[in-house]
Amino acid sequence: MNKGVLIIGAGGVGRVVAHKCAKNLDTFEHVSLASRTKSKCDMIAKEILDMQGITIDTYSVDADSVEELIKLLETIKPRVVINVALPYQDLTIMDACVACKIDYLDTANYEHPDEAKFEYKLQWERDGKFKDAGITALLGSGFDPGVTGVFCAYAQQNLFDEIHYIDIMDCNAGDHGYAFATNFNPEINLREVSANGRYWENGQWIETKPLEIRVDWEYPEVGVKPSYLLYHEELESLSKNIKGLKRIRFFMTFGDSYIQHMNCLQNVGMLGIKPVMHNGVEIVPIEFLKTLLPDPASLGPRTKGVTNIGCVMEGIKDGKKKTIYIYNICDHQEAFKEVCAQCVSYTTGVPAVIGAKLLYNKTWDRDGVYNIEEFEAKPFMDELMTQGLPWKIIEL
Ligand code: NDP
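The present account deals with the structure reproduced in this document.

1. Let's talk about the side chain of Ser227
Right, on to step 1. Positionally, Ser227 belongs in strand β11 (residues 223-229).
Right, on to step 2. Relative accessible area serves as the criterion here: at 0%, Ser227 is assigned to the buried category.
Right, on to step 3. Within polar-contact distance, the side chain of Ser227 engages the backbone oxygen of Lys225 at 3.1 Å.
Right, on to step 4. For Ser227, the contacting residues outside a window of four places in its chain are Met169, Ile213, Arg214, Val215, Asp216, Trp217, Tyr219, Phe251, Met252 and Thr253.

2. Comments concerning the sheet that holds strand β5 (residues 103-106)
Right, on to step 1. Taken in spatial order, the 7 strands of this open sheet run β3-β2-β1-β4-β5-β6-β17, and their pairing is parallel. Bordering the open sheet on either side are β3 (57-60) and β17 (368-371), each of which pairs with just one other strand. Each adjacent strand pair in this sheet contributes to an overall mean axis angle of 20°, direction not counted.
Right, on to step 2. Where helix α1 (residues 12-23) meets the sheet, it contacts β1 (5-8), β2 (31-35) and β4 (80-83), and its direction lies at approximately 165° from that of β1.

3. Details of the pattern of salt bridges
Right, on to step 1. The tally for this structure, following the rule as stated, stands at 18 salt bridges.
Right, on to step 2. A salt bridge links Glu221 to Lys392; its shortest N-O distance comes to 2.7 Å. Pair noted here: Glu221 is in the loop between β10 (214-219) and β11 and Lys392 is in strand β18 (residues 391-395), with a separation of 171 residues, a long-range link.
Right, on to step 3. Relative accessible area serves as the criterion here: at 40%, Lys392 is assigned to the partly exposed category.
Right, on to step 4. Ionic pairing is found between Lys357 and Glu383, a salt bridge with its closest N-O pair at 3.4 Å. Separated by 26 residues along the polypeptide, Lys357 in helix α14 (residues 343-360) and Glu383 in helix α15 (residues 378-387) bring together distant segments of the chain. Just as Lys357 is buried, Glu383 falls in that class too.
Right, on to step 5. Look at the salt bridges and you will find they share partners, linking Lys20, Lys23 and Glu338 into a network.

4. Focus on the environment of Thr182
Right, on to step 1. Residue placement: Thr182 occurs in the loop between β7 (162-172) and α9 (186-193).
Right, on to step 2. Along the chain, Thr182 and Pro296 lie 114 residues apart, while their C-alpha atoms are 6.3 Å from each other.
Right, on to step 3. Apart from residues no more than four positions distant in its own chain, Thr182 is found in contact with Asn189, Leu190, Tyr258, Pro296 and Leu299.
Right, on to step 4. At a separation of 2.8 Å, a polar atom in the side chain of Thr182 contacts the main-chain carbonyl oxygen of Phe184.

5. Comments concerning unusual backbone geometry
Right, on to step 1. Here the amide bond leading from Asp144 into Pro145 is cis, since omega sits at 10°, within 30 degrees of zero.
Right, on to step 2. In this fold, Pro145 is placed in the loop between β6 (136-139) and α8 (147-159).
Right, on to step 3. For Cys340, which is not a glycine, the phi torsion comes out positive at approximately 60°.
Right, on to step 4. Note that Cys340 resides in the loop between α13 (332-339) and α14.
Right, on to step 5. Look at Cys340 and you get buried, because its relative accessible area is 18%.
Right, on to step 6. Positioned with a positive phi, Lys362 is a non-glycine residue whose angle comes to about 65°.
Right, on to step 7. Examined against the element boundaries, Lys362 turns out to sit in the loop between α14 and β17.

6. A few points about the pairing of β10
Right, on to step 1. Judged from the 6 bridges that link them, β10 and β11 form a sheet pairing that is antiparallel. Among the inter-strand pairings, Tyr219 is bridged to a residue of β11, identified as Gly223.

Reading guide: rules and limits
Residues numbered from 1 in each chain as written. Predicted model: local features only at pLDDT ≥ 70, side-chain atom pairs only at ≥ 80, totals over all residues. Heavy atoms only, no water. Helix = DSSP H or I, 4+ residues; strand = E, 2+ residues; numbered from the N terminus. Buried < 20%, exposed > 50% of the residue type's maximum accessible area, 1.4 Å probe, protein only. Polar contact = N/O pair within 3.5 Å; in protein donor to acceptor, adjacent residues only side chain to side chain. Contact = heavy atoms within 4.5 Å. Pairing = 2+ DSSP bridges. Axes fitted to C-alpha atoms, helices over the stretch in contact; angles between N-to-C directions. Salt bridge = Lys/Arg side-chain N within 4 Å of Asp/Glu carboxyl O.

As structure tokens, then:
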């Protein structure tokens, strides 16, 4: 019988997942970490040994190659794979998991490197293969997607008869002191923010220009922050899975400095994803920009403040209208003290570990490919309380 968990990807999120898996060794029994650059895995392994006295194994792998992945899975024989590499690797890692009959989990949906577009289609299409192999794929087990889907499922299962309106609110009130930096992978972040916005209403998708819709919302325990409508991947699955829904939107806060820099970079072509020739060398502008920007992992020690991410939900309970906000507050410095990473990595990595725990101990056990809101939310909500991401519900 397979044993242990394999984490793929040793970036900001991978670091949190590795630390937290080591803290949950009573569940996972054994932890392995693999990434393209093995030295990054070794650095994290040393941190965990120094801080927790626990040894994890490290490997190098090119997760774009199904063949290499299968070899690795056959060597390690884990029970669950946690994919926290980039969205470009989702399909290859899923295919390797099917070949080796190992449960799969990720935090971001598949994206093709040459097209700034993400959707679940190609991952959902693998449902039959996962069913035939008798294994589970848990899609989107980060914070958003992830905990936001669990909040919606919990509200649907326990708090409402019908939910009509959902606004997912993502506020990072932290300050890293740089004029411009992204809190997670710059390429993925900037592709997401500079794309057209989109939301779902009465069965239709409504498209907006990038950052066209702004609301100034008062986040509990944080204050009023300008929040911009973006398209975000969980809208695709939640609009299908929350019954009776009339509208779902996603908002994220950005400071003026971030928006000014992003607009300027966009205007001069630095967010381009197509190669251009520079002095006889082919370069992709957004990849070059990534080289220039601070590594998100380096923001940890300098970021102060909190994040507040949650869902405003309006619906009906016992014939009466009801509006609530379910949310989590995460403190950047507290996260850094615990796992050497800031909140954006922490709030993604902790839910990935909780999802993996529920798969590992078979609390969530369904063959096929599922989004997180398709499972019973309560066990996940209970784990959030004890694993470092406590939540609150307030009536609005
Ligand atoms: P990073 O860029 O910091 O880390 C990505 C890691 O993946 C790097 O260590 C990189 O290796 C590795 N990697 C990239 N390509 C390959 C490959 N072909 N084979 C093996 N390893 C590879 O990203 P983050 O840690 O910030 O983000 C990780 C994931 O989490 C992303 O998919 C992101 O979209 C997702 N995310 C989800 C959120 C949510 O709430 N759901 C929020 C934030 C992020 P190398 O160092 O060698 O390049």
